[in-house]
Amino acid sequence: MSFDPAAALVAYHAVLDAQDVDGVAKCLAPEARYVSPAIGDVVGREAILASIRAYFAASPDHQAFDDEVKATGPRTAQSHWRLRAVNKTTGAITERRGIEKVTFNEAGLITLIDVVDLG
């Protein structure tokens with residue numbers, strides 16, 4: 001059976017949206033890299049998970065939606081997404097949308113998440 005990067009990206013988003021950090025860990029290669037204007041350039045599964053835990057602790061009502069997910073190559077996919085979250089301490093509302101480009105290794109684990117904010 002061939003690898004479907006779009007399906008793998010949808011599965012990653014499902015565990016992320018469920019705030020299942022253990023599930024997210026299973027999607028990431030140990031050397032994964034997450035590049036985003038919101039969090040910077042984070043390298044390594046454990047560092048990415050720490051960032052995700054901190055984000056969900058601050059914004060437990062996070063809601064994200066994929067408007068489109070598509071394969072862009074045999075091991076790459078991208079999504080057009082949007083999100084809304086409220087910081088539980090400050091009350092600040094975050095609304096973002098953008099493009100997420102994801103690369104997978106031969107085992108189907110994420111090696112790169114590259115986020116571009118569109119506003």
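Above this text you will find the structure in question.
Scope of this entry: the structure provided in the associated data block. (Residues numbered from 1 in each chain as written. Predicted model: local features only at pLDDT ≥ 70, side-chain atom pairs only at ≥ 80, totals over all residues. Heavy atoms only, no water.)

1. Details of the overall build of the protein chain
Move 1: A count of helices and strands for the protein chain gives 3 helices and 6 strands.
Move 2: What you see for the protein chain is a C-alpha radius of gyration of 14 Å, in line with the 14 Å of a compact globule of 119 residues.
Move 3: Taking the principal axes of the C-alpha coordinates as reference, the protein chain spans close to 45 × 30 × 25 Å.
Move 4: Buried positions account for 37% of the 119 residues belonging to the protein chain.
Move 5: In the protein chain, the share of contacts with a sequence separation of at least 24, taken over all contacts with a separation of at least 6, comes to 45%.
Move 6: Approximately 6400 Å² of the protein chain is accessible, and the part contributed by carbon and sulfur atoms is 56%.
Move 7: Of note, the protein chain has its 12 positive side-chain charges centred 2 Å away from the centre of its 16 negative side-chain charges. (Helix = DSSP H or I, 4+ residues; strand = E, 2+ residues; numbered from the N terminus. Rg over C-alpha atoms; globule rule 2.2 N^0.38 Å. Buried < 20%, exposed > 50% of the residue type's maximum accessible area, 1.4 Å probe, protein only. Contact = heavy atoms within 4.5 Å. Areas by Shrake-Rupley, 256 points an atom, 1.4 Å probe, with all protein chains shown as cover. Lys, Arg positive; Asp, Glu negative; His and termini not counted. Charge placed at Lys NZ, Arg CZ, Asp CG, Glu CD.)

2. Concerning the nonpolar core
Move 1: Ranked by internal contacts, the top residues of the largest apolar core, which has 25 residues, are Y12, V24, L28, I110 and I113.
Move 2: Elements with a minimum of two residues in this core: helix 1 (5–17), helix 2 (21–27), strand 1 (28–36), helix 3 (45–58), strand 4 (76–86), strand 5 (93–104) and strand 6 (110–117).
Move 3: In contact with I110, not counting residues within four places along its chain, are Y12, C27, L28, A29, A32, V102, T103 and F104. (Core = buried A, V, L, I, M, F, W, Y, C linked by side-chain atoms within 4.5 Å.)

3. Remarks on unusual backbone geometry
Move 1: One non-glycine residue, Q19, lies in positive phi territory at about 55°.
Move 2: On the secondary structure map, Q19 appears in the loop between helix 1 and helix 2.

4. Let's talk about helix 3
Move 1: Taking 1.5 Å as the rise per residue, helix 3 with 14 residues should run 20 Å; its terminal C-alpha atoms sit 20 Å apart, in good agreement.
Move 2: When helix 3 is considered as a whole, its buried residues turn out to be I48, L49, I52 and F56. Looking down the long axis of helix 3, one finds its buried residues gathered within 95° of arc, a one-sided arrangement.
Move 3: Among the structural elements, helix 1, helix 2, strand 1 and strand 2 (40–43) are those in contact with the buried residues of helix 3. (Expected span 1.5 Å × (residues − 1). Arc of directions from axis to C-beta.)

5. Side note on helix 1
Move 1: Between its first and last C-alpha atoms helix 1 spans 18 Å; for 13 residues at 1.5 Å apiece the expected length is 18 Å, and the two agree.
Move 2: Turning to helix 1, its buried residues are P5, A6, A8, L9, Y12, H13, V15 and L16.
Move 3: For helix 1, the capping residue at the N-terminal end is D4, with a side-chain oxygen 3.0 Å from the backbone nitrogen of A6. (Polar contact = N/O pair within 3.5 Å; in protein donor to acceptor, adjacent residues only side chain to side chain.)

6. Considerations on the environment of D41
Move 1: Assignment of secondary structure puts D41 in strand 2.
Move 2: For D41, a relative accessible area of 44% puts it in the partly exposed group.
Move 3: Distance from D41 to I113, taken between C-alpha atoms, is 9.9 Å for residues 72 residues apart in sequence.
Move 4: Setting aside residues up to four positions removed in sequence, D41 forms contacts with R33, Y34 and V35.
Move 5: Here the side chain of D41 touches R33 through a polar contact of 2.6 Å, side chain to side chain.

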